[in-house]
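Each chain, written out:
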Amino acid sequence: MNNRIYLCLAHMSGQEQKYIKEAFDTNWVVPLGPNVNGFEEDLKQFVESGTDGNIMDWATLQGKEVVALSAGTAAVHLSLIALGVQAGDEVICQSFTFCASCNPIKYLGATPVFVDSEPETWNMDPTLLEEAIKGRMEKTGRKPKAIVVVYLYGMPAKIDDIRAIAQKYDIPLVEDAAEGFGSRYKGRVCGTFGEYGVLSFNGNKMITTSGGGALICPDKEAKQNVMFYATQARESYPYYQHEQIGYNYRMSNICAGIGRGQMTVLDAHINHHKKLAALYAQLFAEIPGITFHSNPSAEIDSNYWLNTITLAPELHVKGEEKAYTTRIQGAVGGAAGVTHSASSTHTDCEPNNNVEAMRIALDVAGIESRPLWKPMHLQPVYKGCPSYVNGVSESLFKVGLCLPSGPYVSEEDATHIVTVIKQQIK
Ligand SMILES: *Cc1c(COP(=O)(O)O)cnc(C)c1O
């Protein structure tokens, strides 16, 4: 690759090829096999571990199981199926997230109900969650079928408060920890608080299997059920007999080999993300008008998957009067896949001009950055879905920017990035 500094890139440990070679040598080039089992065992041990690496003795953790899948999105989808979500049901979902948290609700013909964030962690606001539950029960006479809470940019949500409300109304909780692998709340790994926990091993996440995900399940029986749906829902007859609709969502033994290699550097990756965060926090503390998003309290321990800043609306950035005058070709950051070309330079809700000017200046300097995720309740595709909002995610979207993070970003890079940012301020 060239000298550009990217948001977050996969970084190999060197161990991956050993596991992949083993898969070829033993002819396990299929979506089951020793690497899949080994990777699931590694994941299970990690999610049960305390900060000192020892297995924690929380009663609720005992018996948790992990299923390796083809994507984090598949994990969200299967968690909802396991919780019995059906067409016509409502599912509460954090609005401030990536679309993969809520698209599977639509795959099932159910309706997402979006809940806004609190300003400290940027994740689901517990007070608003309760309002949403009461509001839906009043309106429809039925309880939402599940709650999907997200650990945005790796930052843990106020999960104790959210879980208390979920338990009060007896609604199961799914934690979308796709961005929060290795983050902790009160020392406990995110993804282990709810009924199900979603992990992603896409190329840009904390660790990668080239593409993949996992679902943390409450027990062995739940794992068996998830594996049944992940492998085409086959009944045990000598011939193919199907009584349910299944999916082809299992992780391959080759991808799991990459995952096993990646598990050997997981702790090092998390430490590097945190080290960069501490450096960014220190450097931005000197710059008026820019706020670095840090752990808001001692019980919250982010993996800092992506480091994020907010720019005060009154902060003036060079070139801000020309922001949004040229159309973007493809997706910002050259995301994989096909993007529709934009029909205009503006939408009805977009980041402030100073944020866009800063993004362009960084881009010109060879530094990839990206606005915060646009809340789902503001997305045209989700127009008309019920939403309970307080303005927090919308205002954050207008002022925020994600900065390069992860193992390929050195401390010199981070210092350089902050210098470039400083130079752009008028
Ligand atoms: C990346 C991501 C997912 C989906 O994971 P994939 O492995 O890419 O399918 C789900 N939710 C959030 C919040 C994500 O960032």
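Residues numbered from 1 in each chain as written. Predicted model: local features only at pLDDT ≥ 70, side-chain atom pairs only at ≥ 80, totals over all residues. Heavy atoms only, no water.

Caption draft 1: Structural detail: the overall build of the protein chain. Helix and strand counts for the protein chain stand at 12 helices and 15 strands. Relative to its length of 426 residues, the protein chain is compact, with a C-alpha radius of gyration of 21 Å against a globular reference of 22 Å. Dimensions of the protein chain, computed from C-alpha atoms along their principal axes, come out at roughly 70 × 55 × 45 Å. Across the 426 residues that make up the protein chain, the buried fraction comes to 55%. Counted over contacts in the protein chain with a minimum sequence separation of 6, partners at least 24 positions apart contribute 73%. A total accessible area of about 18500 Å² is found for the protein chain, and carbon and sulfur atoms account for 51% of it. In the protein chain, which carries 36 positive and 46 negative side-chain charges, the distance between the mean positions of the two groups comes to 3 Å. (Helix = DSSP H or I, 4+ residues; strand = E, 2+ residues; numbered from the N terminus. Rg over C-alpha atoms; globule rule 2.2 N^0.38 Å. Buried < 20%, exposed > 50% of the residue type's maximum accessible area, 1.4 Å probe, protein only. Contact = heavy atoms within 4.5 Å. Areas by Shrake-Rupley, 256 points an atom, 1.4 Å probe, with all protein chains shown as cover. Lys, Arg positive; Asp, Glu negative; His and termini not counted. Charge placed at Lys NZ, Arg CZ, Asp CG, Glu CD.)

Caption draft 2: Up close: the site of the ligand. Lining the immediate surroundings of the ligand are 15 residues, of which Thr-73, Asp-176, Glu-179, Ser-200 and Lys-205 lie closest. In this structure, an oxygen atom belonging to the ligand sits 3.1 Å away from a side-chain N or O atom of Lys-205. Grouping the constituent residues of the shell around the ligand by class yields 5 nonpolar, 7 polar and 3 charged. (Near = heavy atom within 4 Å. Polar contact = N/O pair within 3.5 Å; in protein donor to acceptor, adjacent residues only side chain to side chain. Nonpolar A, V, L, I, M, F, W, Y, C, P; charged D, E, K, R; others polar.)

Caption draft 3: Examining the pattern of salt bridges more closely. As enumerated under the stated definition, the model contains 19 salt bridges in all. In this structure, Glu-394 engages Lys-398 in a salt bridge whose closest nitrogen and oxygen atoms are separated by 3.1 Å. Taken together, the positions of Glu-394 and Lys-398, both in helix α11 (residues 392–399) and 4 residues apart, correspond to about one turn of that helix. Judged by relative accessible area, Glu-394 falls into the partly exposed class, the value being 26%. (Salt bridge = Lys/Arg side-chain N within 4 Å of Asp/Glu carboxyl O.)

Caption draft 4: Spatial organisation of the environment of Lys-374. Among the structural elements, Lys-374 can be located in the loop between β13 (370–371) and β14 (387–388). Taking the C-alpha atoms as reference points, Lys-374 and Lys-398, separated by 24 residues in sequence, lie 8.8 Å from one another. Each residue touching Lys-374, except ones within four places of it in the same chain, is listed here: Thr-97, Thr-347, Asp-348, Cys-349, Gln-379 and Phe-397. One polar contact links Lys-374 to Thr-347, side chain to side chain, over a distance of 3.2 Å.

Caption draft 5: Layout of unusual backbone geometry. The backbone phi angle of Tyr-153 is positive, close to 60 degrees, even though this residue is not glycine. By the element assignment, Tyr-153 lies in the loop between β4 (146–150) and α6 (159–168). Phi is positive for Lys-186, which is not a glycine, with a value near 50 degrees. Structurally, the position occupied by Lys-186 is in the loop between β6 (184–185) and β7 (188–189).

Caption draft 6: Just the pairing of strand β2 (residues 90–94), in detail. With 5 of 5 residues buried, β2 lies mostly within the body of the structure. The alternating pattern of β2 places Glu-90, Ile-92 and Gln-94 on one face and Val-91 and Cys-93 on the opposite face, and all of these are buried. Bridge analysis of β2 against strand β3 (residues 111–115) gives 5 bridges, and the strand direction is parallel. Bridge pairing links Cys-93 to Phe-114 in β3. Where β2 lies against β4, 3 bridges are found, and the strand directions are parallel. Across the sheet, Ile-92 pairs through a bridge with Ile-147, a residue of β4. (Pairing = 2+ DSSP bridges.)

Caption draft 7: Focus on the packing of aromatic side chains. Per the stated rule, a full pass over the model turns up 15 aromatic pairs. Both rings, one in Trp-122 and one in Tyr-153, keep their centres 6.3 Å apart while their planes meet at 90 degrees; by these two values the pair is edge-to-face. Here Trp-122 is found in the loop between β3 and α5 (126–140), whereas its partner Tyr-153 is found in the loop between β4 and α6, with 31 residues between them in sequence. On the accessibility criterion, Tyr-153 (2% relative accessible area) is buried. A connected cluster of aromatic rings, assembled from ring pairs, spans Phe-96, Trp-122, Tyr-153, Trp-305 and Trp-373. Over the face of the ring belonging to Tyr-6 we find Arg-4, whose NZ or CZ atom lies 5.9 Å from the ring centre. Directly above the ring of Trp-305 sits Lys-205, whose terminal nitrogen or CZ lies 5.7 Å from the centroid. (Phe/Tyr/Trp six-rings, centres within 6.5 Å; stacked < 30°, edge-to-face > 60°. Lys NZ or Arg CZ within 6 Å of the ring centre and 35° of its normal.)

Caption draft 8: Structural detail: the sheet that holds β4. If you trace the 8 strands from one edge of the open sheet to the other, you get β1-β9-β8-β5-β4-β2-β3-β14, paired in mixed fashion. Looking at strand neighbours, the two that pair on one side only are β1 (65–69) and β14, the edges of this open sheet.

Caption draft 9: Seen up close, the domain arrangement of the protein chain. Splitting the protein chain by domain gives domain 1 (16–265) and domain 2 (267–424). For domain 1 versus domain 2, the distance between C-alpha centres works out to 26 Å. Each partner contributes to the interface: domain 1 provides 47 residues, whereas domain 2 provides 37 residues. Carbon and sulfur atoms make up 63% of the surface buried where domain 1 meets domain 2, a total of about 3700 Å² over both sides. Looking at the side of domain 1 facing domain 2, the largest losses of area belong to Trp-122, Tyr-153 and Met-206, adding up to 22% of the total buried there. Across the domain 1-domain 2 interface, the total number found is 0 salt bridges. Across the domain 1-domain 2 interface, the total number found is 27 residue pairs in polar contact (both at pLDDT 80 or more). The set of elements that each furnish at least two residues to the side of domain 1 that touches domain 2 consists of α4 (103–107), β3, α5 and β6. Partitioning the side of domain 1 that touches domain 2 into residue classes produces 22 nonpolar, 13 polar and 12 charged. (Domains from an automatic or database assignment. Buried area = accessible area lost by both parts, 1.4 Å probe.)

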